[in-house]
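Residue-level structure breakdown
One letter stands for each residue in the lines below.
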Number of protein chains: 2
Amino acid sequence: MSGRAADGSGDPAAFPRNDSRTFANDGDALRFCSTCAFSQACLAEGMDKSGLADLHMLVEHIGPFREGEHIFREGDPFEAIAAVRAGTVKTYIVDRDGREHVLGFHLPGEVIGLNAIDGDHYPCNAVALDTVMLCRFSFPRISVLATQLPGLQRHLFRLMSRDISRAALHAGDWSADQRMAAFLIGLSRRLAARGFSPTRFQLTMARTDIANYLRLAPETVSRVLRRFQRDGLLQVDRRELELTDPPRLQALAAPVLRS
Amino acid sequence: MSGRAADGSGDPAAFPRNDSRTFANDGDALRFCSTCAFSQACLAEGMDKSGLADLHMLVEHIGPFREGEHIFREGDPFEAIAAVRAGTVKTYIVDRDGREHVLGFHLPGEVIGLNAIDGDHYPCNAVALDTVMLCRFSFPRISVLATQLPGLQRHLFRLMSRDISRAALHAGDWSADQRMAAFLIGLSRRLAARGFSPTRFQLTMARTDIANYLRLAPETVSRVLRRFQRDGLLQVDRRELELTDPPRLQALAAPVLRS
DNA sequence: CGTACTATTGAGTAGTATCAAAGCGTGTGG
DNA sequence: CCACACGCTTTGATACTACTCAATAGTACG
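Since we're looking at a predicted model, the values are computed, not measured. (Residues numbered from 1 in each chain as written. Chains lettered and ligands numbered in written order. Predicted model: local features only at pLDDT ≥ 70, side-chain atom pairs only at ≥ 80, totals over all residues. Heavy atoms only, no water.)

A look at the packing of aromatic side chains
A full pass over the atoms with the stated rule returns 17 aromatic pairs over all chains. On the numbers, 5.7 Å between centres and 65° between planes, the contact of A:F157 with B:F139 is edge-to-face. One end of the pair, A:F157, is in helix α5 (residues 150-170); the other, B:F139, is in helix α4 (residues 139-148), on a second chain. Like B:F139, A:F157 is buried. Put simply, the rings of A:F72, A:F78, A:Y122, A:F139, A:F157, B:F72, B:F78, B:Y122, B:F139 and B:F157 touch in pairs and so form one group of aromatic residues. Taking NZ or CZ as reference, A:K90 lies 4.8 Å from the ring centre of A:Y92, over its face. (Phe/Tyr/Trp six-rings, centres within 6.5 Å; stacked < 30°, edge-to-face > 60°. Helix = DSSP H or I, 4+ residues; strand = E, 2+ residues; numbered from the N terminus. Buried < 20%, exposed > 50% of the residue type's maximum accessible area, 1.4 Å probe, protein only. Lys NZ or Arg CZ within 6 Å of the ring centre and 35° of its normal.)

Some details on the pattern of salt bridges
Where charged atoms from two side chains of opposite charge come close, those side chains can pair. Under the definition given, this model contains 32 salt bridges over all chains. Among the salt bridges present, the one from B:K90 reaches B:D209, with a minimum N-O distance of 2.8 Å. You can see B:K90 sitting in strand β4 (residues 89-94) and its partner B:D209 sitting in helix α7 (residues 207-214), a full 119 residues away along the chain. Taken as a pair, B:K90 and B:D209 share a single burial class, namely buried. Where B:E110 meets B:R190, a salt bridge forms, and the shortest distance between an N and an O atom there is 2.8 Å. With a gap of 80 residues between them, B:E110 in the loop between β5 (100-106) and β6 (111-112) and B:R190 in helix α6 (residues 176-193) connect regions that are remote in the sequence. Assigned by exposure class, B:E110 and B:R190 land together as buried. Salt bridges here are not isolated pairs; linked through shared partners, they connect A:E45, A:R154, A:R158, A:R162 and B:D118. (Salt bridge = Lys/Arg side-chain N within 4 Å of Asp/Glu carboxyl O.)

A few points about the sheet that holds strand β11 (residues 240-243) of chain B
Residues and elements named next belong to chain B. Overall, antiparallel pairing links the three strands, which are arranged β9-β11-β10 in an open sheet. Pairing within the sheet leaves two strands with one partner each, and these edge strands are β9 (200-202) and β10 (234-237). Sheet twist, expressed as the average angle between the axes of neighbouring strands with direction ignored, equals 15°. Taken together, the four bridges between β10 and β11 define a ladder with antiparallel strand orientation. Residue pairing in the sheet places V236 in a bridge with L241 of β11. Relative to β9, α6 is tilted by about 100°, and along the sheet it contacts β9, β10 and β11. (Pairing = 2+ DSSP bridges. Axes fitted to C-alpha atoms, helices over the stretch in contact; angles between N-to-C directions. Contact = heavy atoms within 4.5 Å.)

Have a look at this one:
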């Protein structure tokens, strides 16, 4: 469990608000825009169409962030949450011994920064694992909007509640095999929910990142994956992954995921 | 790590809304009422005095719950969150192997049920570890109120954000000693924040509960406590505890608590 | 083609869990 | 009031999971 902060050299200021990477709110940007998912969810919570317009006025599309580039760092002043539009974001902290603890991986459609609301500063780092596009929501502004749009407020409450439960599950006491299976099945489901293949996908994170997330040693991650492959549960080549026996993996993961 | 659901025999319906245990909103009840803490926090967030009245209209004082009595159970329909006014509440789940996983202990002034907002049903059980009094807030009603009182909304956001961070810390990868020290220092600080002694207090939970919370075996909890005592960090007799060397305990807990 | 980094593999070990049994407190019934 | 029984806690001995250390292998990049 070594783990060192992957430092993407000199990044610009954290979570830039208006820089060259911000681009217009054009149709092309909206096509894969998770704001839509965000908006959809708010509509599902009862928000009306006019709210949609207000919400879209609020959002800023930022990116691309390149691999290794930080979106925000621990201690940066908190101003905004963001929905991932494309790519994968890793959030992590580094303890005083230099060990990295990965808090989570955030896929398209998922929201980062919710753990920063209590406090003026981000309590963790967020880094792009590949090319990342974001929808940025100023938190003061989206809060105000949430008082006017109950559907939006409800969606935010739900997102945060979900994160509490997810973190609690992740805190549970499980074997290396169970945690790895739960991690893979979790990825699979989240990708499937966004229209990606649930059985063939890329691990956008390094083995070390997986290890630091699952609180395992990198060597253990390697060994578990290899054993899973020997047992016919999956095929793994470098970062390319295919789940060849999802049912058995799910059975392993079931106690962790409670499903 | 055995852990079995402590079942307090036949409880009445979950989270009763109006029963014999509900009592009037009189001065005596309010004296130690965490609604006050809740209200204070909302005022600190900018809520005005009229909001205070609205909030107090909303709250229902329920209890007492006796030791072992359940406040809600996994699967019960979600209708309300609650602030602990007195006593200790344990939240936990039981996995399919019958192992109990303790999600948290909730002291006076703390709020339970926030992880249930996403979903129609409570995702966990809540049980009284001693005599517990609660302030119940109907969630639909407090949501509506939150759209009218930005200070209240802000407070709810903060509470939930804090829970996300807390759960993430708890999920970290630490030694038995570090986890135990962090647990004790955490208790101490939370008690101190409510005006109790930070150095002398009761462990209201069983060793098994502590073990299931810290994902340790009960035997390990015993051994660590005994070693801490041998090393002069604390004095423990049954459930009576005195921290005799808080600085050293804090040093142990520091990487976990990030303080 | 060489270098650097990440991933894999192997051997030995540390830290906790597990199993078994005894101790202690508390409550109960005689 | 005492004897007993039950539950929780403690203690000891042993086992096992996952870590650590060390070395090799494989990839990506210059």
